Amino acid sequence: MDNHYRYLFGPFCVDTRERLLSREGRPVALKPKAVDTLLLLLRESPRVVEKRSFMDEVWPDACVEEGSLTVSVSEIRKALGRGPGGHEYIETIPRRGYRFTPEPHRELLDGPGGRVTAQRGSGETGFPAASACTIAVLPFAN
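Residues numbered from 1 in each chain as written. Predicted model: local features only at pLDDT ≥ 70, side-chain atom pairs only at ≥ 80, totals over all residues. Heavy atoms only, no water.

K.L.:
Could you give an account of the nonpolar core, with specific residues and numbers?
P.N.:
Ranked by size, the top nonpolar core spans 28 residues in total, and within it F9, V14, L21, L38, F54, L80 and F100 carry the most contacts. If you list the elements that add at least two residues to this core, you get β1 (4-9), β2 (12-15), α1 (32-44), α2 (51-58), α3 (66-80) and β7 (97-100). At seven residues, the largest contribution of residues to this core is made by α1. Setting aside anything within four residues of it in sequence, one finds L80 in contact with F9, F12, L21, R23, Y89 and F100. (Core = buried A, V, L, I, M, F, W, Y, C linked by side-chain atoms within 4.5 Å. Buried < 20%, exposed > 50% of the residue type's maximum accessible area, 1.4 Å probe, protein only. Helix = DSSP H or I, 4+ residues; strand = E, 2+ residues; numbered from the N terminus. Contact = heavy atoms within 4.5 Å.)

Listed below in structure tokens is the structure:
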């Protein structure tokens, strides 16, 4: 069973179970490969993710060029905008890859209701603390 997390940074929340990016509780549209790219960056933060790792994990069964990665990162940057002080959330490491800054707060989700069971993240990034992410779980009705 895979663990699911909620990543919090600035006004954003990313739920890995739902594969959803939200800003102040409102969904932000991203293409599936951009979501995969963002999830890899968040999971590995604050480490640099090498370009080869993106190719192996985001496009494992496809023959694609680095341009696909560049397009995904560009889409994420456009969706996130700039953080406080004009800093970008994704740092380019020339000839190597990318790093997500600041290190997000990571909360382990447990069970179908998404109960939070653990946290991670230093909070010493210069970015304001993330606000709580709200998720409504509604029953299906015929």
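K.L.:
Any details on the packing of aromatic side chains? Residues and values, ideally.
P.N.:
Throughout the structure, instances matching the rule amount to seven aromatic pairs. Geometrically, the ring pair formed by Y5 and Y7 is tilted, given 6.1 Å between the ring centres and 40° between the ring planes. Judged by its relative accessible area of 3%, Y7 falls in the buried class. Where Y89 meets F100, the ring centres are 6.1 Å apart and the plane angle is 20°; that geometry is what we call stacked. Residue Y89 is found in the loop between α3 and β6 (90-93), and its partner F100 is found in strand β7; the two are separated by eleven residues along the sequence. One exposure class covers both Y89 and F100, and it is buried. Ring-pair connections join several aromatic residues into one group, and the members of that group are F9, F12, Y89 and F100. The ring of Y5 has R106 lying over it, and the distance from NZ or CZ to the ring centre is 4.4 Å. (Phe/Tyr/Trp six-rings, centres within 6.5 Å; stacked < 30°, edge-to-face > 60°. Lys NZ or Arg CZ within 6 Å of the ring centre and 35° of its normal.)

K.L.:
Explain the pairing of β6 to me, and be specific about the residues and the numbers.
P.N.:
Where β6 and β7 come together, four bridges link them in antiparallel fashion. Bridging across to β7, I90 finds its partner in F100. Connecting β6 to the next strand, β7, in antiparallel fashion are three residues, including R95 with a positive phi near 65°. (Pairing = 2+ DSSP bridges.)

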